[in-house]
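Read off the chains here:
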Amino acid sequence: MNTVSNTKPLTAGSIARRLCNASAAGEVCGVFSHAVYCTFGDEVLLLHGKEWGEVPFGIALDDIVAFRAALAAEVGDTVAFTERGLRIGAQLLACTLTAPERPAAERFALPGAERIAAVESYVHTSGAQGGILDCIAQNRAHAAESVETLSEALREGDAERAAAAAVRLIGLGRGLTPSGDDYLCGFFTLLAAAKEHGMNVPSAANACADAVLANLDRTSRISAAYLGNALRGEHFTVYDRAARALLGAGDFTQHCAFVLRMGASSGTDTLCGAIAAAKVIL
Amino acid sequence: MKILVCNVGSTSLKFKLYEMPEKKVYATAKVERVGSETDAIYSFTNVATGEKIEKDHLAVPKYKDGIALFLSDLLDKKQGILDDIKEISAVGFKTVLAKGHHGVFELNEEVLGAMRDYLFIAPAHNRPYLDAIGEFQAMLPDALLVGSFETAFHKTIPMERRLYAVPYEWYEQYGIQRFGFHGHSHEYTARHLPELTGKTSFKAVSCHLGGSSSLCAIEDGKSVDCSFGFTPQTGLPHAARVGDIDAYVVPFLINEGLSMDEITTAFSKNGGLLGISGVDSDLRFIEEAANGGNARAKLAIDMLVASIVKYIGSFYAEMGGLDYITFAGGIGENSKTIRKMVCEKLGCFGVKLDEEKNNNVHGECEISAADSKVKIYTIATDEEQMVAMKTYEYSLEH
């Protein structure tokens with residue numbers, strides 16, 4: 001067995017640490033240039049670059065590209081946590097998993113229409129295209145109606161209608177994380193950030209989140225991992241930073257620019273969801 | 001005789017210029033995003049020289065602008081294809097449906113009027129064709145414009161399978177019946193199977209699976225049943241169209257408060273594989289989502305397969321046997337998953353796929369196992385060539 005050298009302890013989200021302690025076994029299900037996805041039964045583990053910060057089901061590596069090259073991991077390889085570290089196929093990633101240190105949350109002002117409009121304009125002038133925007137434009141699978149109804153029903157406190165609209169968005173669109181899921185991820189991440197900061201979030205949002213959680217089999221396992229954790233309020237550093245920036249903390253361009261670079265249209269879709277949620281609580 | 005074939009979509013135009021009866025292709029072209037002032041895409045291929053012209057970010061607000069792009073390249077001296085536009089003797093269109101017209105017709109005012117009569121039931125098909133044909137009338141006034149209707153091949157379906165059990169007067173007064181569509185693709189298969197197998201007497205099911213999907217029962221080269229009915233909204237689940245549904249769903253939904261417009265939009269744009277999966281209308285993305293664990297995406301695929309199997313089973317019984325199954329269209333030619341799932345379900349009829357052949361299909365292939373009682377083929381149907389042949393035959397007779 002070849003060992004991939006790793007001199008530093010690795011930061012990991014709560015789910016990744018739990019999987020490690022459970023000595024679970026799984027398999028590699030997706031290898032991308034900056035991310036390796038593994039499944040452990042119904043759970044997903046993500047090996048990602050440390051610039052992503054904390055992902056609840058992820059382990060942050062100093063150099064994901066070099067790590068991937070060293071592993072030459074192929075889909076279908078087995079994965080297991082052992083006493084010596086994470087074993088993928090015939091390779092061993094010697095590691096000590098630690099919880100990340102989170103910086104103190106920045107204080108921020110109440111969201112204003114101006115800030116939201118500025119972020120919206122930034123997203124659209126960044127060449128945002130495809131994804132949920134296409135789905136909305138074509139009203140594919142009633143996307144336009146669902147997006148509109150979700151916001152409207154939450155404002156009106158109609159939990160049932162909001163939940164039905166949110167559920168219709170699950171799994172909508174193409175790619176590893178479908179556009180509808182990314183949109184919901186951004187939407188609920190923003191609501192969680194707002195709630196944490198003591199803002200008034202519509203009570204119907206809880207029932208809505210529960211309905212989405214109960215229907216995660218409508219999307220892929222990897223996307224369900226992102227969406228489920230976002231809905232449960234787990235900490236995603238990059239999404240959280242963008243949501244806080246949208247709500248008024250610091251310079252939004254830096255954090256939003258990072259999210260916009262994620263995936264083919266995932267970043268745009270996530271920010272579109274966050275913007276819609278910000279408009280709901282404004 | 002030079003014959004131009006034009007395939008018109010709601011936002012696209014496809015052209016092929018033929019020399020007939022030799023079936024020689026001089027040039028092909030495609031315009032996408034017709035209607036765009038800034039973002040249309042155009043490609044032109046001179047088949048003789050292999051030269052390809054590709055342009056994007058074009059302004060093609062109307063069909064006439066797309067047609068003009070193609071005609072100007074045909075007349076370009078560098079291409080050496082046409083010296084004069086009058087060399088085009090006829091333009092053939094793969095038209096879909098016109099009231100009381102099921103064959104090949106000159107597109108005169110009477111026939112265009114009959115197409116307008118069926119705008120309500122085939123809006124996505126007849127509207128673009130009516131618009132484009134109007135432009136050709138103005139731009140090529142000397143050419144014969146011919147419509148080869150998709151329903152023509154299915155005229156041989158016997159009455160007991162053609163009619164719905166509605167009051168007979170509806171058939172007489174309104175023409176309510178199963179017309180069947182995708183006639184050019186199924187007829188191509190019907191004409192091509194004897195060339196492939198050396199047999200002129202056979203029983204086959206032709207599966208044209210794509211954005212629109214249909215199955216046709218073919219006996220000795222003739223259509224004897226088709227999964228499509230009165231409109232292209234029926235039959236198998238399509239990419240975004242609903243397929244077969246109980247007629248009483250409509251009054252029920254109206255009673256529930258939905259408008260007719262909402263219902264028809266859902267049936268024609270938000271149904272089918274898109275409606276069930278909630279993912280996309282493109283099967284490639286639905287398969288990807290299903291492989292990733294999306295239960296609704298898997299359900300959409302299972303429903304498509306179940307519907308195909310159901311029709312093949314009933315066609316088998318109607319014809320009293322089956323010699324060949326053919327797969328054509330974007331899904332039929334390219335989805336080894338759908339072919340495998342369908343054939344596995346048909347094992348009771350002696351249908352047996354050769355997995356290795358199925359996994360390595362390129363164009364036209366036989367993919368059945370050596371001991372399969374039913375031979376299975378993928379066929380790259382050439383609908384444009386069928387239209388060119390029909391247009392040529394019509395122009396000789398008239």
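Residues numbered from 1 in each chain as written. Chains lettered and ligands numbered in written order. Predicted model: local features only at pLDDT ≥ 70, side-chain atom pairs only at ≥ 80, totals over all residues. Heavy atoms only, no water.

A.B. asks: Whenever I open this one, the overall build of chain A confuses me. Can you help?
C.D. replies: If you tally the helices and strands in chain A, you get 12 helices and 10 strands. Expected size for 282 residues packed as a compact globule is a radius of gyration near 19 Å; at 19 Å, chain A falls within 12% of this value. In terms of its C-alpha atoms, chain A occupies a principal-axis envelope of roughly 60 × 35 × 35 Å. The contacts of chain A with a sequence gap of at least 6 include a subset with a gap of at least 24, amounting to 68%. (Helix = DSSP H or I, 4+ residues; strand = E, 2+ residues; numbered from the N terminus. Rg over C-alpha atoms; globule rule 2.2 N^0.38 Å. Contact = heavy atoms within 4.5 Å.)

A.B. asks: Is there a simple way to explain empty space enclosed by the protein in this structure?
C.D. replies: Regions of empty space are outlined by a rolling probe, equal in size to a water molecule, passed over the atoms. Residue and element names in this part refer to chain A. If you walk through the whole model with that rule in mind, you get 3 cavities of 30 Å³ or more. For the largest cavity, the full set of lining residues is Gly186, Thr189, Leu190, Tyr239, Ala242, Ala243, Thr270, Leu271 and Ala274. Of all elements in the fold, only α7 (179-196), α10 (237-247) and α12 (266-281) reach the threshold of two or more residues within the lining of the largest cavity. The class makeup of the residues in the lining of the largest cavity is 6 nonpolar, 3 polar and no charged. (1 Å grid on protein atoms, 1.4 Å probe; cavity = no way out; pocket = protein on both sides within 12 Å on 5 of 7 lines; lining within 4 Å. Points joined across faces, edges and corners; volume = space filled by probe spheres on them. Nonpolar A, V, L, I, M, F, W, Y, C, P; charged D, E, K, R; others polar.)

A.B. asks: When you look at the packing of helix α5 (residues 143-156) of chain A against α7(A) in this model, what are you seeing that I'm missing?
C.D. replies: Packed helices, taken two at a time, are described by the angle between their axes plus the distance between the axes. Residues and elements named next belong to chain A. At a closest axis distance of 12 Å, the pairing of α5 and α7 adopts a crossing angle of 20°. Relative to α7, the element α5 lies roughly parallel. With respect to the hand of their crossing, α5 and α7 are arranged in right-handed fashion. Here Val147, Leu150, Ser151 and Leu154 of α5 lie close against α7, whose contacting residues are Tyr183, Leu184 and Phe187. Residues that form the contact of α5 with α7 fall into these classes: 6 nonpolar, 1 polar and no charged. (Axes fitted to C-alpha atoms, helices over the stretch in contact; angles between N-to-C directions. Parallel < 35°, antiparallel > 145°, perpendicular 65-115°, else oblique. Left-handed = near helix turned anticlockwise from the far one by under 90°.)

A.B. asks: Looking at this structure, how should I read the pattern of salt bridges?
C.D. replies: Note on pairing: side chains with opposite charge can pair once their charged atoms come close. Evaluation of the coordinates by the stated rule reveals 27 salt bridges over all chains. We note a salt bridge from Arg174(A) to Asp280(B), for which the minimum N-O separation is 2.7 Å. With Arg174(A) in the loop between α6 (159-169) and α7 and Asp280(B) in the loop between α9 (272-277) and α10 (283-291), the pair connects residues from two separate chains. Residue classification places Arg174(A) among the partly exposed positions, given a relative accessible area of 39%. Across the pair Lys52(B) and Glu54(B) runs a salt bridge whose closest N-O atoms are separated by 3.5 Å. Because the salt bridges share partners, they merge into one network encompassing Glu152(A), Glu156(A) and Arg161(A). (Salt bridge = Lys/Arg side-chain N within 4 Å of Asp/Glu carboxyl O. Buried < 20%, exposed > 50% of the residue type's maximum accessible area, 1.4 Å probe, protein only.)

A.B. asks: Looking at this model, I keep getting lost on the confidence of the model for chain B. Mind explaining?
C.D. replies: For any part of a model where pLDDT is low, the fine detail of the predicted coordinates should not be relied upon. Mean pLDDT over chain B: 94, with 100% of residues reaching 70 or higher. For this predicted complex, the interface confidence comes out at an ipTM of 0.70, alongside a pTM of 0.82. (pLDDT = per-residue confidence, 0-100.)

A.B. asks: Hey, could you run me through the pairing of strand β3 (residues 25-32) of chain A in this one?
C.D. replies: Remember that side chains alternate between the two faces of the sheet whenever the strand is regular. Residue and element names in this part refer to chain A. Bridge count between β3 and strand β7 (residues 78-82): 3 bridges; the pairing is antiparallel. Residue glutamate 27 lies in a different strand from β7, and its bridge partner there is threonine 78. Pairing of β3 with strand β4 (residues 35-40) involves 5 bridges; the strand directions are antiparallel. Of the residues in β4, the one forming a bridge with phenylalanine 32 is alanine 35. Hairpin connection of β3 to β4: 2 residues between the antiparallel strands. (Pairing = 2+ DSSP bridges.)

A.B. asks: I keep staring at the interface of chain B and chain A and nothing clicks. Help me out?
C.D. replies: Buried accessible area, meaning the area lost when the parts come together, often serves as the stated size of an interface. Listed by partner, the interface residues are 14 residues for chain B and 15 residues for chain A. Note on chain B versus chain A: buried area summed over both sides is about 1,200 Å², and carbon and sulfur give 44% of it. The interface formed by chain B and chain A holds 1 salt bridge in total. At the surface where chain B touches chain A, the tally comes to 8 residue pairs in polar contact (both at pLDDT 80 or more). Of all elements in the fold, only α10 and α11 (295-319) of chain B reach the threshold of two or more residues within the side of chain B that touches chain A. At 3 residues, the largest contribution of residues to the side of chain B that touches chain A is made by α10(B). Taken together, the residues of the side of chain B that touches chain A break down into 4 nonpolar, 6 polar and 4 charged. (Buried area = accessible area lost by both parts, 1.4 Å probe. Polar contact = N/O pair within 3.5 Å; in protein donor to acceptor, adjacent residues only side chain to side chain.)

A.B. asks: Is there a simple way to explain the domain arrangement of chain B in this structure?
C.D. replies: All names here are of chain B. Domain parsing of chain B yields domain 1 (2-149) and domain 2 (183-378). On a C-alpha basis, the centroid separation for the pair domain 1 and domain 2 is 28 Å. When the two sides are added together, the surface that domain 1 and domain 2 hide from each other amounts to roughly 580 Å², 68% of it contributed by carbon and sulfur. A per-residue breakdown of the area domain 1 buries against domain 2 is headed by Lys94, Ile121 and His125, which together make up 56% of the total. At the surface where domain 1 touches domain 2, the tally comes to 0 salt bridges. Here domain 1 and domain 2 share 1 residue pair in polar contact (both at pLDDT 80 or more) between them. A class-by-class count of the residues in the side of domain 1 that touches domain 2 yields 5 nonpolar, 2 polar and 1 charged. (Domains from an automatic or database assignment.)

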